[in-house]
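Listed below, chain by chain, are the residues.
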Amino acid sequence: MSLVLVIELVLLGVGSGFLAGLLGIGGGMLMVPFLTFLLSRQGVQADLAVKMAIATSMATIMFTAIASVRAHHKRGAVRWDIVKTLAPGIVLGSLVASLGVFALLKGAYLAIFFGLFVGFSATQMFLDKKPKPTRQLPGTAGRLAAGSAIGFLSGLVGAGGGFVSVPFMTWCNVAIHNAVATSAALGFPIAVANVAGYLVAGQGVAELPPGALGYVWLPALAVIALASFFTAPYGARAAHALPVAMLKRVFAGMLYLLAAYMLYKGLTA
């Protein structure tokens, strides 16, 4: 890798790690568009670039989640009771997405889906709607279904699930800081299950660039994971000190731009 590429990946890791800790997202909504651009610039065909960006983004979340959740746990913000009940469904949904649907869909369709879903998530984040005060988390069956949906959607877009799990938990009247912290903890089983699927599904794929293991681009994974591991705790600290509602709206504005780029890539692939 060139020095310029390494610097770009370090900056991407710094930004995604901080946002992972701050907003409870795995950073995938930020990483996927930029990794798609960087892979395309390396000469990787557009359809494959999208799939590799999604898989590599998810792989970095394994490391980001560990650093982020440690910082949140020290503050007693993680709802481990919610983690335990959502995790089984998350693993199931993740494996269905990464082993089956992800391999079957063209990268162009995944890019379009990513753009539309991120645009929707940005709108929800921007509006910051408040739930009914009487609403609570569903029972065991409902949490299994919710976890499966979170894992499945995460597997298709390469994000840690915070864009679904945080709104879901706040919709069920879980305090925002607890929702962000719990989402960070959920990012680890989401990432592990999905990456296992990407590694298996990517075996034997033609035209993979040097350094690829399945759909995962290992050089980018190493650089981004190292940078994000150190910045995620700072984001977690900031989440407990800064006006998160305002920051979410600023981040939503950036997500609209990234969603537009991925829609462009999908429609022109």
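Bear in mind the structure is a predicted one, so any value in this text is a computation, not a measurement.

What follows deals with the environment of serine 40. Counting through the fold element by element, serine 40 comes out in helix α2 (residues 28-41). As for serine 40 and leucine 11, which are separated by 29 residues in sequence, their C-alpha atoms are 18 Å apart. When neighbours within four sequence positions are excluded, serine 40 is seen to be in contact with Ala49 and Lys265. From its side chain, serine 40 meets the backbone oxygen of threonine 36 in a polar contact 2.8 Å long.

On to the pattern of salt bridges, then. Following the criterion strictly, the structure yields two salt bridges and no others. A salt bridge links arginine 41 to glutamate 8; its shortest N-O distance comes to 2.5 Å. You can see arginine 41 sitting in helix α2 and its partner glutamate 8 sitting in helix α1 (residues 3-23), a full 33 residues away along the chain. Since its relative accessible area comes to 42%, arginine 41 is described here as partly exposed. Residue class for glutamate 8 comes out partly exposed when judged on its relative accessible area of 25%.

Further remarks concern unusual backbone geometry. A positive phi angle, close to 65°, is found at asparagine 173, a residue other than glycine. With respect to the element layout, asparagine 173 can be found in the loop between α7 (162-171) and α8 (176-201). Using a relative accessible area of 35% as the deciding quantity, one classes asparagine 173 as partly exposed. Despite not being glycine, glutamate 207 shows a phi value in the positive range, around 70°. Assessed through its relative accessible area of 64%, glutamate 207 is described here as exposed.

Rules of the game
Residues numbered from 1 in each chain as written. Predicted model: local features only at pLDDT ≥ 70, side-chain atom pairs only at ≥ 80, totals over all residues. Heavy atoms only, no water. Helix = DSSP H or I, 4+ residues; strand = E, 2+ residues; numbered from the N terminus. Contact = heavy atoms within 4.5 Å. Polar contact = N/O pair within 3.5 Å; in protein donor to acceptor, adjacent residues only side chain to side chain. Salt bridge = Lys/Arg side-chain N within 4 Å of Asp/Glu carboxyl O. Buried < 20%, exposed > 50% of the residue type's maximum accessible area, 1.4 Å probe, protein only.

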